[in-house]
Amino acid sequence: MTHLYLWFRLVRSTTRPGRMRRRLTWVTVALGLLVVVAQVGSRSEFGHWLAWPGFMWLAVMFYLVVFLILLEIPRAIGLLVLRRTAQRGRAVAAPVPVEVAASAVPALVPGPLPVAPEPDPAPPAAGGEGMDRRLFLSRTLAGVAGVGALTTVGFGVRSALGPPVIERVPVVLPKLDPRLNGLRLAVVSDIHLGPITGVSHSERLVRMINSLEADVVAIVGDMVDGTVAELGAAARPLRSLESRYGTFFVTGNHEYYLENGPGEWIEELRELNVRPLQNERVEIAHQGAILDLAGVNDLAGGASGQGPDFDKALGGRDTSRNVVLLAHQPVQVAQASTRGVDLQLSGHTHGGQLVPFNLIVPVQQPVVAGLENVDGTQVYVTRGAGFWGPPVRVGAPPEISLLELRAPNA
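What counts, and where the lines are drawn
Residues numbered from 1 in each chain as written. Predicted model: local features only at pLDDT ≥ 70, side-chain atom pairs only at ≥ 80, totals over all residues. Heavy atoms only, no water. Pairing = 2+ DSSP bridges. Helix = DSSP H or I, 4+ residues; strand = E, 2+ residues; numbered from the N terminus. Axes fitted to C-alpha atoms, helices over the stretch in contact; angles between N-to-C directions. pLDDT = per-residue confidence, 0-100. Contact = heavy atoms within 4.5 Å. Core = buried A, V, L, I, M, F, W, Y, C linked by side-chain atoms within 4.5 Å. Buried < 20%, exposed > 50% of the residue type's maximum accessible area, 1.4 Å probe, protein only. Salt bridge = Lys/Arg side-chain N within 4 Å of Asp/Glu carboxyl O. Phe/Tyr/Trp six-rings, centres within 6.5 Å; stacked < 30°, edge-to-face > 60°. Patch = residues over 30% accessible without salt bridge, like charges linked within 9 Å, V, L, I, M, F, W, Y side chains within 5 Å. Areas by Shrake-Rupley, 256 points an atom, 1.4 Å probe, with all protein chains shown as cover. Parallel < 35°, antiparallel > 145°, perpendicular 65-115°, else oblique. Left-handed = near helix turned anticlockwise from the far one by under 90°. Nonpolar A, V, L, I, M, F, W, Y, C, P; charged D, E, K, R; others polar.

Section: the sheet that holds strand β7 (residues 289–295)
Right, so step 1: With mixed pairing, six strands are arranged side by side in an open sheet as β6-β7-β8-β9-β11-β10. The sheet terminates laterally at β6 (280–286) and β10 (370–374), the two strands that pair on one side only. The sheet shows a mean angle of 25 degrees between the axes of neighbouring strands, taken without regard to direction.
Right, so step 2: Here five bridges tie β7 to strand β8 (residues 322–326), and the two strands are oriented parallel to one another. When the bridges of β8 are listed, D292 appears paired with V323.

Right, here's the structure in full:
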């Protein structure tokens, strides 16, 4: 339906029947097939070379639709003006009957007959002139939509492929043990190592995270979009992550989309000195206090019997301790809040990635990006350091977050 709309507005409305329209129609069909091929190819070992052009067109297509929809109102106004102009033109061109007095009719006398004057040439048909103006209007609006879409995508590519921003966020926890005041957590999510991003992407993330000198590094899911065989080299720089108490990882939904599941990456991360938390928790001893750091699997693991188990991750703990939970999807706070979790760290949303998707995310997730309180549990959602699908970010730049825990009145 999307490509049909694009064809109607960018091809049918801007061309006359003929060879050009037929050629552009086939181009539209080919672009529609390219999106399908890119989606399939991105999940196969042999189709990754189609990911870049397919996903780039997906982004351009999306913003073409956005701009064209926004231009529907100016289009309607323009067509209304053209219609009224054409109606006025027909009214002016219509003949006006004139009554001639009988006395003004000359008497019939012998002689040559009078020659009637030739009528003025008829004015050009208003319909043809209106059609030309409508064609001009359609082409102008199509050009505006094209320039707007390409410009937006161009800036979005620069944002997505550029370095993430560092978000420094103080988090005041009402029940925080004062001895944990100042504990620093570096949070990164949705790295999405895949056919477009590679080892340079992960090397840059490692350098930026290490510069933060965090106490804990948390990778909250969607790290990869491929197997260890395909992306093991791209993930190898993670071995160089530095922090006082270690680096921890929980699965995201994309880890369960892999052909071999998340198991091989769990083992690979252990080799890279990254500790997976699979429905479990560890103790972080800091300045004489203990923080429980827990992690649960993503909801997507439920189909294979590897879903989140909050009782296993949080059950039987000392409830006088503060607990921070790593959970890929913000919606998992619904269960975390009933178990006394002080802070949940999540990703998944990409901050919407492409405006105006940020307006749609709240239908599924309680938080799109940033820090919010949900049912007594604070939830921090990072926009992620990578991207999925189109290498484009508009209105949601990639980020690495540094959270500093603070006690009230500290």
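The structure having been displayed, the exposition proceeds.
Notes on the confidence of the model for the protein
Right, so step 1: Considering every residue of the protein, the mean pLDDT works out to 88; 88% of them sit at 70 or more.
Right, so step 2: Predicted confidence for residues 104–109 stays below pLDDT 50, and this span has zero contacts to residues more than four positions away or in other chains.
Right, so step 3: A low-confidence stretch, residues 118–130 stays under pLDDT 50, and its non-local contacts, those more than four residues away or across chains, total three contacts.

A short note on the side chain of R9
Right, so step 1: For R9, the position within the fold is in helix α1 (residues 2–12).
Right, so step 2: Aside from chain neighbours lying at most four places away, what touches R9 is T14, L68, E72 and R75.

Considering the sheet that holds strand β2 (residues 184–188)
Right, so step 1: Read from one edge of the open sheet, six strands run β1-β12-β2-β3-β4-β5, paired in mixed fashion. Each of the sheet's edge strands pairs with one partner strand only, and the pair in question is β1 (165–172) and β5 (274–276). With direction set aside, neighbouring strand axes in the sheet form an average angle of 25 degrees.
Right, so step 2: Bridge count between strand β3 (residues 216–220) and strand β4 (residues 247–250): four bridges; the pairing is parallel. Its bridge partner lying in β4, A218 is registered against F248.
Right, so step 3: Strands β1, β2, β3 and β12 (399–406) of the sheet are contacted by helix α6 (residues 199–210), whose axis makes an angle of about 25 degrees with β12.
Right, so step 4: Across the face of the sheet, helix α8 (residues 263–271) comes into contact with β4 and β5 while running at roughly 145 degrees to β5.

Let's talk about the nonpolar core
Right, so step 1: Judged by nonpolar contacts, the single largest core of 30 residues is most densely connected at M223, L238 and W265.
Right, so step 2: The set of elements that each furnish at least two residues to this core consists of β2, α6, β3, α7 (228–235), α8 and β12.
Right, so step 3: With sequence-adjacent residues up to four places away left out, W265 is seen in contact with M223, V224, G226, T227, V228, L231, G232, A235 and L258.

A word on the pattern of salt bridges
Right, so step 1: Counting across every chain of the model gives 14 salt bridges.
Right, so step 2: The closest approach of N and O atoms between D132 and R16, which form a salt bridge, is 2.8 Å. Of the two residues, D132 sits in helix α5 (residues 126–161) while R16 sits in the loop between α1 and α2 (19–41), which places them 116 residues apart along the sequence.
Right, so step 3: Each of E283, D292, R317 and R321 takes part in one network of salt bridges that share partners.

Description of unusual backbone geometry
Right, so step 1: Residue P356 is bonded to the preceding V355 through a cis peptide linkage, with omega at 15 degrees.
Right, so step 2: Relative to the helices and strands, P356 resides in the loop between β9 (343–346) and β10.
Right, so step 3: Positive phi, normally seen in glycine, also occurs at E213, with a value near 55 degrees.
Right, so step 4: One can find E213 in the loop between α6 and β3.
Right, so step 5: Given the relative accessible area of 64%, E213 is considered exposed.
Right, so step 6: One non-glycine residue with positive phi stands out, namely D375, at about 55 degrees.
Right, so step 7: Looking at the element boundaries, D375 is found in the loop between β10 and β11 (377–381).

Quick notes on the packing of aromatic side chains
Right, so step 1: One pass over the structure, following the stated rule, counts three aromatic pairs.
Right, so step 2: Ring centres of F62 and Y63 lie 4.8 Å apart, and the angle between their planes is 75 degrees; on these two criteria the pair is classed as edge-to-face. You'll find F62 and Y63 in the same group, each marked buried.
Right, so step 3: Taking the centre distance of 4.8 Å and the plane angle of 15 degrees together, the rings of F62 and F357 count as stacked. Linking F62 in helix α3 (residues 51–70) with F357 in the loop between β9 and β10, this pair joins segments that are 295 residues apart in sequence.
Right, so step 4: Under the relative-accessibility criterion, F62 is labelled buried at 18%.
Right, so step 5: Members of the aromatic cluster, joined through ring pairs, are F62, Y63 and F357.

Focus on a nonpolar patch on the surface
Right, so step 1: A grouping of F357, L359, I360 and V363 is seen on the molecular surface, where their side chains present a nonpolar patch of about 430 Å² in accessible area.
Right, so step 2: Relative to the elements of secondary structure, I360 occurs in the loop between β9 and β10.

A few points about the packing of α1 against α3
Each pair of packed helices can be described by the angle between their axes along with the distance between the axes.
Right, so step 1: Here α1 crosses α3 at 60 degrees, and the two axes come no closer than 11 Å. The angle between α1 and α3 falls in the class oblique. With respect to the hand of their crossing, α1 and α3 are arranged in left-handed fashion. Here T2, H3, Y5, L6, R9 and L10 of α1 lie close against α3, whose contacting residues are W57, M61, L64, V65, L68 and I69.
Right, so step 2: Looking at the contact of α1 with α3 residue by residue, the classes come out as nine nonpolar, two polar and one charged.

A closer look at the pairing of β8
Right, so step 1: With five of its five residues buried, β8 lies for the most part within the structure.
Right, so step 2: The alternating pattern of β8 places N322, V324 and L326 on one face and V323 and L325 on the opposite face, and all of these are buried.
Right, so step 3: Here β8 runs beside β9; their pairing, made up of three bridges, is parallel. Bridge pairing in β9 links V324 to L343.

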